[in-house]
Amino acid sequence: MITRTRLAAGACALLAALAAGMAFPAEASAGEPTGEDAPKVDLVLDVSGSMRTRDIDGGTRMAAAKQAFNEVLDATPEEVQLGIRTLGADYPGDDRKTGCKDTAQLYPVGPLDRTEAKTAVATLAPTGWTPIGPALLKAADDLDGGDGSKRIVLISDGEDTCAPLDPCEVAREIAAKGIGLTIDTLGLVPNTKMRQQLSCIAEATGGTYTSVEHTDELTDKVNQLVDRAADPVVTPVATEGADACAKAPTLKSGLYTDREEFGQQRWYRVDVEPGQELRASVSVGADRAVNPSYGVLLRAVTVHGREIVRGEAAGDGRTDVLSTGLRYPKSEGDEDDATAEAVCLQVTNSFSVAAGVKTTPGLPLELTVDVVDGPGDSDDVAAFGLGRGWWLLGLLVLVGFVAGLLWGWLSRWRFAIWRTN
């Protein structure tokens, strides 16, 4: 999934806040939470030789990871199917080819037997290489099947040592499969190269990267990610945009996925009733190497081609996902029989690639559409032009009134004292 650079920061921050705080209407037919299958989590732990280093709370990195795992296993929700995979745990030798195959499933993904899982973790000892790419591929296979939430939590103290199988490219491959798998990464110590690599892995699948330096931080973060896997899953609906507004599919509120060729336009239609507000956002992901400097444009236009509103965002190669959004409130109107307006959404991108890079299939695109009741003049203070300024204005009036009473009383008291004297 593609999950965020925003439109000039402010506009898309507002859109994200609005999207986070609202639920789709009852008639929404796309992108609704499924939650039918149990959520799955695969904890992927780096057990390479560098995990012997003693720099976390006076102990080794391996000891911190074991302690965190034991606490996480105790706190794992019953409904979560959890597994543990290792990398660099078994081969201590110098043969690179063998070392880069060193990944194994320590505990299979499934119903959790806490005692058995803890016993397996206790046997681990820092050993060999750091084959992050191969481990991610195997972890994706561990989570294969089912429609529930799928999450890989990768914990490492260094960058991959098995290039040219680039872990970032592996993560992009996983994202391109559209299996709804998220990879979150945790770096055990500050390291620029590791941070860049783990951030790239996480961003490719809409996950998060976190740097941790203490055992309690590691425990809290892994617990948080495991708990997040138990949240209801929103499954996007595949759609196919058209090359013109007149041919565009009509979408209802929901979450949709599509593919867009480089420099291509994709069109979609949404019906907006009088008194409703259209809120839309789009994310386009670079699931392959692209040239730096690119942009995404989302426009809302009438069926006659007049632009209503637009959202746009630009990138410079530092992120794999580019997002933007827009809002369009349609007024009630004076006519009782006013009909819905067909609004066309146009998505355009300016990504490009170097010679030799495949241009097909197109870039993965995720579109969120929400049509909600718009603000009314009677219940929206912003309709009077002051927004939250009404609160400040009321406070100033109240303070002024109280200050006036106090000043009048004080003046009369001083006058009375003067006359007495």
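Further up the page is the structure itself.
All values derive from a computational prediction rather than experimental measurement.

About the thresholds
Residues numbered from 1 in each chain as written. Predicted model: local features only at pLDDT ≥ 70, side-chain atom pairs only at ≥ 80, totals over all residues. Heavy atoms only, no water. Helix = DSSP H or I, 4+ residues; strand = E, 2+ residues; numbered from the N terminus. Buried < 20%, exposed > 50% of the residue type's maximum accessible area, 1.4 Å probe, protein only. Areas by Shrake-Rupley, 256 points an atom, 1.4 Å probe, with all protein chains shown as cover. Polar contact = N/O pair within 3.5 Å; in protein donor to acceptor, adjacent residues only side chain to side chain. Disulfide = S-S within 2.5 Å. Salt bridge = Lys/Arg side-chain N within 4 Å of Asp/Glu carboxyl O. Phe/Tyr/Trp six-rings, centres within 6.5 Å; stacked < 30°, edge-to-face > 60°. Contact = heavy atoms within 4.5 Å. Pairing = 2+ DSSP bridges. Core = buried A, V, L, I, M, F, W, Y, C linked by side-chain atoms within 4.5 Å.

A. How the structure looks around the overall build of the protein. Along the protein, the regular secondary structure elements total nine helices and 17 strands. Out of the 421 residues in the protein, the part that is buried amounts to 46%. Counting only carbon and sulfur atoms, one obtains 53% of the accessible surface of the protein, whose full area is about 21,100 Å².

B. Local environment of unusual backbone geometry. Note the cis peptide between threonine 360 and proline 361, where omega equals -5°. Its identity is not glycine, yet serine 293 carries a phi of approximately 75°, on the positive side. In this structure, serine 293 sits in the loop between β12 (276–285) and β13 (294–302).

C. Up close: the side chain of glutamine 276. Relative to the elements of secondary structure, glutamine 276 occurs in strand β12. For glutamine 276, the side chain forms a polar contact with the main-chain nitrogen of glutamate 273, separated by 2.9 Å.

D. Looking closely at the state of the cysteines. Within this structure, the stated rule accounts for three disulfides. The partner cysteine of cysteine 168 in its disulfide is cysteine 200, sulfur to sulfur 1.6 Å. Taking the sign of the torsion about the S-S bond as the criterion, the disulfide between cysteine 168 and cysteine 200, at about -45°, is left-handed. You can see cysteine 168 sitting in helix α6 (residues 167–176) and its partner cysteine 200 sitting in helix α7 (residues 192–204), a full 32 residues away along the chain.

E. Fine view of the pattern of salt bridges. The full count for this structure, using the stated rule, is 15 salt bridges. A salt bridge links glutamate 78 to arginine 114; the shortest N-O distance between them is 2.9 Å. With glutamate 78 in the loop between α2 (61–75) and β4 (81–87) and arginine 114 in helix α4 (residues 114–122), this pair connects stretches of sequence that are 36 residues apart. The residue glutamate 277 makes a salt bridge to arginine 327 at a minimum N-O spacing of 2.9 Å. In this pair, glutamate 277 is assigned in strand β12 and arginine 327 in strand β15 (residues 321–329), connecting sequence segments 50 residues apart.

F. Representation of the packing of aromatic side chains. Applying the stated criterion across every chain yields a total of one aromatic pair. Measuring from centroid to centroid gives 4.5 Å for tyrosine 294 and phenylalanine 351, while their planes differ by 15°, and the two rings are stacked. Placement of tyrosine 294 in strand β13 and of phenylalanine 351 in the loop between β16 (341–349) and β17 (363–373) is noted, with a sequence separation of 57 residues between them.

G. Here's a closer look at the environment of serine 211. Its location among the elements puts serine 211 in strand β8 (residues 209–211). For the pair serine 211 and threonine 185, spaced 26 residues apart in sequence, the C-alpha separation works out to 8.6 Å. Setting aside residues no more than four positions away along its own chain, serine 211 makes contact with Gly187, Val189 and Pro190.

H. Up close: the pairing of β15. The buried fraction of β15 amounts to seven of the nine residues, a majority that puts the element mostly inside the structure. Bridging between β12 and β15 involves nine bridges; their strand directions are antiparallel. Each bridged residue has a counterpart across the sheet, and for glycine 285 the counterpart in β15 is valine 321.

I. Quick look at the nonpolar core. Judged by nonpolar contacts, the single largest core of 31 residues is most densely connected at Leu43, Leu45, Ile155, Leu186, Leu218, Val222 and Val226. Only β1 (40–46), α2, β4, α4, β6 (150–156) and α8 (215–229) provide two or more residues apiece to this core. In terms of residue count, the dominant contributor to this core is α2 (seven residues). Once residues within four sequence positions are removed from consideration, valine 226 is found in contact with Val41, Leu43, Val72, Thr76, Pro77, Val80 and Leu82. Among the nonpolar cores identified, the runner-up in size contains 29 residues, and Val270, Val296, Ala313 and Leu326 belong to it.

By themselves, these figures tell us nothing about what the structure is for.
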